[in-house]
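Here is how the chains run, residue by residue.
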Amino acid sequence: MFALAHGRILIGASFVEGRAVLVEEGHIAAIVPEADIPAGTLVHDLGGQMLVPGFIDTQLNGGGGVLFNDNPAIDAIAAIGAAHRAFGTTGFLPTLISDDLEVIRRAVAAVDEAIHKGVPGVLGIHIEGPFLNPLRKGIHDGSKIRPLDDEGFSAITGLKRGRTLLTLAPERTTPMMVRRLADAGIIVAAGHSEASCAEVKLALDHGLTGFTHLFNAMSPLTAREPGVTGAALDDSRAWCGLIADGRHVDPVAMRVALRCKGPEKLMLVTDAMPSVGIASKHFMLQGQRIEVIDGACVNQDGTLAGSDLDMGHAVRNAAAMLEVGLETAIQMASATPAAFLGLSHRTGRIAAGLAADLAALDESGRVMQSWIAGRTA
């Protein structure tokens, strides 16, 4: 057992002082007054820093110079996780953008092995495509886009451990296929879609529960056709991912989304690429050279290609752009994605019995240290 003390601890929606978090065997054993720390317990002095739940990123393509599509293997997953851990991410879904079914199978197997071998922070996999609408493909390789058939279903349902999140275009499949996926334990999200509001509502009724990078690569809200965006903002059942880098979504649109969804259903994602965590700000993505220009990852045509965003910056950006307290922004990066993944009973908050997935922030909100299952980097 050890104690984390002498800081401000985020419990629920408020920071409290004078408390200590007792950690034992990877879990939070108790939260006690500092005076009640058991004698002989090793105390880690937070020095006044903020102790918060570790961040959970459900859309993470790469980091540390590594792209998951290029190397769907356990070593790549570990490298990506290590790069983002420096920015407070203690749980993540390695994300594979549209690719061949064989690559999807390799990625699923790699994530399964990573969880089995205890690679820190791996919660499952996000398969973003290839069952998308070519009209909204964004940076995805159009030659990889395909219909969702039985072979595709088999490829994406092979994970034995952890969560599988699938982004698809609802109009490119059927409501019964959405139900089949949900019944198989797949978390289904809409994205890269030109669907009508009615088509999305039907998918929601059959098990769709999420929307990938809200506002981006989806049919917009208009006066007579609310589209994917309108359905996402209107439906209280679904969670929405938001890239808070100031390039993907204007702050005004971000604030509208927060008013519609609330912090319980609006979660921060990075959509991060290999440039995060390294000095080099260019990389190759499925044959295209991508450069980070003014903070945005773009190809030679100016098409956005993921982001150069880490979760630490996403939290600070969200607090400023959404005009909310740091506590709310942290909730959107921890408790909310945990709920989306069905993991609230395991992680996402500082509470007795949950995993000791934690981060220490300085006064400005920068991540200074992290713990995954009670182990520091």
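In this text the structure is predicted, and so the values were computed from the model without any measurement.

> Describe the overall build of the protein, with residues and values.
On a plain count of helices and strands, the protein comes out with ten helices and 23 strands. Sequence-distant contacts in the protein: of pairs separated by 6 or more residues, those separated by 24 or more amount to 69%. As displayed, the protein has an accessible area near 14400 Å², and 51% of this comes from carbon and sulfur atoms.

> Mind laying out the pairing of strand E2 (residues 8–11), listing which residues take part and the relevant values?
Two faces belong to every sheet, and in a regular strand the side chains alternate between them. Judged from the two bridges that link them, E2 and strand E7 (residues 50–53) form a sheet pairing that is parallel. Counted as the bridge partner of Arg8 is Met50 from E7. In this sheet, strand E3 (residues 14–16) lies alongside E2 in antiparallel orientation, the contact comprising three bridges. Looking across to E3, one finds that Ile9 is bridged to Val16. The turn linking E2 back onto E3 is made up of two residues, and Gly12 within it adopts a positive phi angle of 70°.

> How would you summarise the pattern of salt bridges if you had to cite specific residues and measurements?
Two side chains carrying opposite charge are able to pair once their charged atoms lie near each other. Under the defined criterion, the tally for this structure stands at 19 salt bridges. Ionic pairing is found between Glu363 and Arg8, a salt bridge with its closest N-O pair at 3.0 Å. With Glu363 in the loop between strand E21 (358–361) and strand E22 (367–372) and Arg8 in strand E2, the pair connects residues that are 355 residues apart, well separated along the chain. If you follow the salt bridges from partner to partner, you end up with Lys201, Asp205, Asp234, Asp235 and Arg237 in one network.

> Explain the pairing of strand E1 (residues 2–5) to me, using residue names and the numbers behind them.
Of the two faces of E1, the one lined by Phe2 and Leu4 and the one lined by Ala3 and Ala5 are each fully buried. Relative to strand E6 (residues 42–45), E1 is paired through four bridges, and the arrangement is parallel. The residue bridging Leu4 from the neighbouring strand is His44, located in E6. Pairing analysis gives three bridges linking E1 to strand E4 (residues 19–24), with the strands arranged antiparallel. The residue of E4 that forms the bridge with Ala3 is Leu22.

> Run through the nonpolar core, naming residues and quoting values.
Phe55, Ile77, Leu181, Leu208, Phe211, Leu268 and Leu361 are the most contacted members of the largest nonpolar core, which has 79 residues in total. Per element, the largest residue contribution to this core is eight residues, and it comes from helix H2 (residues 101–116). Those residues in contact with Leu361, other than ones at most four positions away along the chain, are Gln49, Met50, Val52, Phe55, Leu326, Ile330, Arg366, Val367 and Met368. Core analysis: the next-biggest nonpolar cluster, separate from the first, contains 13 residues, Leu4, Leu51, Ala356 and Trp371 among them.

> Kindly report on the packing of aromatic side chains, identifying the contributing residues and their values.
Inspection of the entire model under this criterion finds one aromatic pair. On the numbers, 5.7 Å between centres and 55° between planes, the contact of Trp239 with Phe340 is tilted. Here Phe340 lies in helix H10 (residues 335–340) and Trp239 lies in strand E16 (residues 239–243), a separation of 101 residues in the sequence. Here the two residues Trp239 and Phe340 agree in accessibility, since each one is buried. The ring centre of Phe15 lies 5.7 Å from the NZ or CZ of Arg8, which sits over that ring.

> Explain the environment of Leu10 residue by residue, including any values.
When you line up the elements, Leu10 lands in strand E2. With a relative accessible area of 4%, Leu10 lands in the buried category. Each C-alpha atom of the pair Leu10 and Ala238 lies 26 Å from the other, and the pair is 228 residues apart in sequence. If near-sequence neighbours (up to four positions away) are discounted, Leu10 is found in contact with Phe15, Leu51, Val52, Pro53, Glu327, Ile330 and Ile350.

> Go over the sheet that holds strand E15 (residues 208–211) with me, naming the residues and quoting the values.
The strands that make up a sheet are held in pairs by hydrogen bonds between backbone atoms, and each pair lies either parallel or antiparallel. Ordered by their spatial adjacency, eight strands build an open sheet running E8-E11-E12-E13-E14-E15-E16-E17, and the pairing between neighbours is parallel. In this open sheet, the two edge strands, each paired with only one partner strand, are strand E8 (55–60) and strand E17 (266–269). Here the average twist between neighbouring strands, direction ignored, is 25°. Where helix H1 (residues 74–85) meets the sheet, its contacts fall on E8 and strand E11 (89–97), and the angle it forms with E11 comes to roughly 130°.

> How would you sum up helix H5 (residues 197–205)? Please name residues and give values.
All buried positions along H5 are accounted for by Cys197, Val200, Ala203 and Leu204. Taken around the axis of H5, the buried residues stretch over an arc of 125°, which confines them to a single face. Looking at the buried residues of H5, the elements they touch are helix H4 (175–183), E15 and helix H6 (227–234). Within two residues after H5, Gly207 carries a phi angle of roughly 125°, on the positive side.

> Pulling in residues and values, what's your account of H4?
Among the residues of H4, Met177, Val178 and Leu181 are the ones counted as buried. All buried residues of H4 lie within an arc of 105° about the axis, which places them on one face of the element. The exposed set on the far side of H4, more than 90 degrees from its buried face, consists of Met176 and Asp183. Tucked inside the fold, the buried residues of H4 contact helix H3 (150–156), strand E13 (163–168), strand E14 (187–190), H5 and E15.

What counts and what doesn't
The residue numbers shown here count from 1 along each chain, following its written sequence. Selection of residues for local features in this predicted model requires a pLDDT of at least 70, selection of side-chain atom pairs for listing and counting requires 80 or more, and totals for whole chains, interfaces and linings are taken over all residues. Side-chain numbers come from the whole structure's heavy atoms, not from hydrogens or water. Helix and strand labels come from DSSP, where a helix needs a run of H or I of at least four residues and a strand needs a run of E of at least two; each type is numbered from the N terminus. Every residue pair with non-hydrogen atoms within 4.5 Å of one another is taken to be in contact. The Shrake-Rupley method, run with a 1.4 Å probe, gives the accessible areas here. Residue values count only the displayed protein chains as cover. Strand pairing is assigned whenever DSSP detects at least two bridges linking the two strands. Any carboxyl oxygen of Asp or Glu that lies within 4 Å of a side-chain nitrogen of Lys or Arg is treated as forming a salt bridge with it. Here the term buried applies to any residue with accessible area under 20% of the maximum for its type, exposed to any over 50%, and partly exposed to those in between, with areas from a 1.4 Å probe on protein chains only. Only buried Ala, Val, Leu, Ile, Met, Phe, Trp, Tyr and Cys residues count toward a nonpolar core, and they belong to the same one when joined by side-chain atoms within 4.5 Å. We call Phe, Tyr and Trp rings a pair once their centres come within 6.5 Å, taking the six-membered ring for Trp, and we label the pair stacked below 30 degrees between planes, edge-to-face above 60, and tilted otherwise. Sitting over a ring, as applied to charges here, requires NZ of Lys or CZ of Arg to be within 6 Å of the ring centre and within 35 degrees of the ring normal. Axis definition: a line fitted to C-alpha atoms, limited for helices to the stretch in contact. Angles are taken between N-to-C directions and run from 0 to 180 degrees. Picture the helix axis, draw a direction to every C-beta atom, and the arc is the one those directions span.

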